[in-house]
Amino acid sequence: MLILGLETSCDETSVSLLEFQSGKSPNALKIHANLIASQIEAHQLFGGVVPEIASRKHLEAVNPLFKMLREETGVSYSDLDLVAVTRGPGLSGALLVGVAAGKALAYSHRIPCVGVNHVEGHLCSTFLQNPDLELPMLVLVVSGGHTDLILMRDFGQYERLGHTRDDAMGEAYDKVARALGLPLPGGANLEKMAVGGDARAFNFTASNMEPSFDFSYSGLKTAASQAMKKSPTRVPDIAASFQKAAITQIKKQVARSIVEFAPKTLGICGGVASNQTLRENLRAVCERESVDFVVPEPILCTDNAAMIGAAGFYRARQNGFPAFSVDMLDFEAQSVWPVA
Ligand code: KG4
Ligand code: ZN
């Protein structure tokens, strides 16, 4: 069974080809291709993602990526068994490009099609390299748009335990990076800058969110930006101190929820999950609590179409792999769409 994934919710255009091979683990999917066209250079000048530019760049990239996918894998459209496209949440205009392209492909070749929730895509990214991980799994989704702590009991069965009350973690990284004068990609550059800094130099503390499992980064972001105004030469120390405070809050909330909900596994996903310090800290929490720890390789943490293909496959399977019908294309891009 061959699945084409398509992702255009923000600033990466990505297409993937996955294969489900029966006889292997029930959740195992082989990634034949996961092509990603990043728009980062187009947005660099503006210090952040400009929605109109994002839509235009998706439009330019999507057909060449389809062509490249066919050339690289030798697949033809008639071989496909499923088209999985990100339906939301994300930037409306950006989503629209992927949804229109996905539907057009499905309609013209009579391929079953499923509209995928982008956050569910991130959740399912944890299975791509570890198909046999044990449920229930506590999943921390940390990206530029999301900071959610989700209890996954099964595919499609998600309970949101906590979320950010203000900025997403990646958004806070990006805004602090900008205040520190670091270029895009802000989060990754902030992490690099923090390596040379003293994390105890500034006493930033994230808000105490107990008894909830929520997060908050806006106070921390303001504190780091103000520190930069007062001490503009201490960029590495501010970066390291900000990162320490941000990760301390995550660690605390994750540790509390492990005690309360006793998951078998902790998964982290989303762009910020490629942060090494975050990974090491959460791995240590899991070792202490005897919980399995899973984090996808960085290319599967940031936005990509392999995770969308996976989520689409698991959804279609739950629905008994319906055959193509025009009715299944009756969905629209949805900029706001909570996963749980
Ligand atoms: O999942 P993703 O590619 O897109 C969204 O769905 O938002 O995540 C992008 C976010 C950006 O905010 C970026 O700054 C952040 O992930 N990010 C990082 C790192 N790499 C990417 N944040 C902190 N440390 C990193 N190494
Ligand atoms: Zn994402």
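This text follows the structure it describes.
Residues numbered from 1 in each chain as written. Chains lettered and ligands numbered in written order. Predicted model: local features only at pLDDT ≥ 70, side-chain atom pairs only at ≥ 80, totals over all residues. Heavy atoms only, no water.

**Examining the coordination of the zinc ion (ligand 2)**
Bound to the zinc ion (ligand 2) on the protein side are His118 (NE2), His122 (NE2) and Asp303 (OD), at distances that span 2.0 to 2.1 Å. One chain supplies every donor for the zinc ion (ligand 2), spaced along it as H-x3-H-x180-D. Here aspartate 303 lies in the loop between helix H10 (298-301) and helix H11 (305-318) and histidine 122 lies in helix H4 (residues 118-125), a separation of 181 residues in the sequence. Accessibility classification places histidine 122 together with aspartate 303 in one group, the buried group. (Donors = N, O, S within 2.8 Å, 3.2 Å for Na, K, Ca; no water. Helix = DSSP H or I, 4+ residues; strand = E, 2+ residues; numbered from the N terminus. Buried < 20%, exposed > 50% of the residue type's maximum accessible area, 1.4 Å probe, protein only.)

**Focus: the site of ligand 1**
For ligand 1, the set of nearby residues contains 19 residues, the closest of which are Gly144, Asp174, Glu191, Asn275 and Asp303. Between ligand 1 and glycine 144, the relevant distance is 2.7 Å, taken from an oxygen atom to a main-chain nitrogen or oxygen of the residue. At a separation of 3.3 Å, an oxygen atom of ligand 1 approaches a polar backbone atom of glycine 145. Here ligand 1 loses 88% of its free accessible area of 550 Å² to cover by the protein chains. Listing elements by their share of the shell around ligand 1, those giving two or more residues are H4, helix H5 (169-179) and helix H6 (186-195). A class-by-class count of the residues in the shell around ligand 1 yields four nonpolar, twelve polar and three charged. (Near = heavy atom within 4 Å. Polar contact = N/O pair within 3.5 Å; in protein donor to acceptor, adjacent residues only side chain to side chain. Areas by Shrake-Rupley, 256 points an atom, 1.4 Å probe, with all protein chains shown as cover. Nonpolar A, V, L, I, M, F, W, Y, C, P; charged D, E, K, R; others polar.)

**Description of the packing of helix H7 (residues 218-230) against helix H8 (residues 235-261)**
The contact between H7 and H8 brings their axes to 10 Å, and the two run at 170°. With respect to their mutual orientation, H7 and H8 come out roughly antiparallel. You can see that H7 and H8 cross each other, and the crossing is right-handed. Residues Leu220, Ala224, Ala227 and Met228 of H7 touch H8, and the partners they reach there are Val235, Ile238, Phe242, Ala245 and Ala246. (Axes fitted to C-alpha atoms, helices over the stretch in contact; angles between N-to-C directions. Parallel < 35°, antiparallel > 145°, perpendicular 65-115°, else oblique. Left-handed = near helix turned anticlockwise from the far one by under 90°. Contact = heavy atoms within 4.5 Å.)

**Remarks on H11**
Over its 14 residues, H11 runs 20 Å from end to end, which matches the ideal 20 Å to within 8%, given 1.5 Å per residue. Judged by how many residues are buried, H11 sits mostly within the fold: eleven of 14 residues are covered. Among all positions in H11, only Ala305, Ala306, Met307, Ile308, Gly309, Ala310, Ala311, Gly312, Phe313, Tyr314 and Ala316 are buried. The opening residue of H11 is asparagine 304, an N-cap whose side-chain oxygen sits 3.0 Å from the backbone nitrogen of alanine 306. Trailing H11 by a residue or two, glycine 320 shows a phi angle of about 75°, which is positive. (Expected span 1.5 Å × (residues − 1).)

**Overview of the sheet that holds strand S7 (residues 147-154)**
With respect to topology, five strands assemble into an open sheet ordered S8-S7-S6-S9-S10, the strand pairing being mixed. Every interior strand has two partners, whereas the edge strands, strand S8 (157-163) and strand S10 (292-294), have only one. The mean angle between the axes of side-by-side strands here comes to 20°, regardless of whether they run parallel or antiparallel. With three bridges joining them, strand S9 (residues 265-269) and S10 adopt parallel strand pairing. Across the sheet, residue threonine 265 finds its bridge partner in S10, namely aspartate 292. Docked against the sheet, H8 engages strand S6 (137-142), S7, S8 and S9, running at close to 160° with respect to S6. (Pairing = 2+ DSSP bridges.)

**Examining the sheet that holds strand S1 (residues 2-7)**
Taking strand neighbours across the sheet as the criterion, the five strands line up as S3-S2-S1-S4-S5 in an open arrangement whose pairing is mixed. The sheet is open, and its two edges are formed by strand S3 (29-38) and strand S5 (113-117), each paired on a single side. The mean inter-strand angle of the sheet, taken between neighbouring strand axes irrespective of direction, is 20°. Pairing of strand S4 (residues 82-88) with S5, which is carried by five bridges, proceeds in the parallel orientation. By the bridge assignment for S5, threonine 86 is matched with valine 116. Sheet strands touched by helix H2 (residues 51-73): S1, strand S2 (12-20) and S3. Its angle to S2, the strand with the most contacts, is close to 30°.

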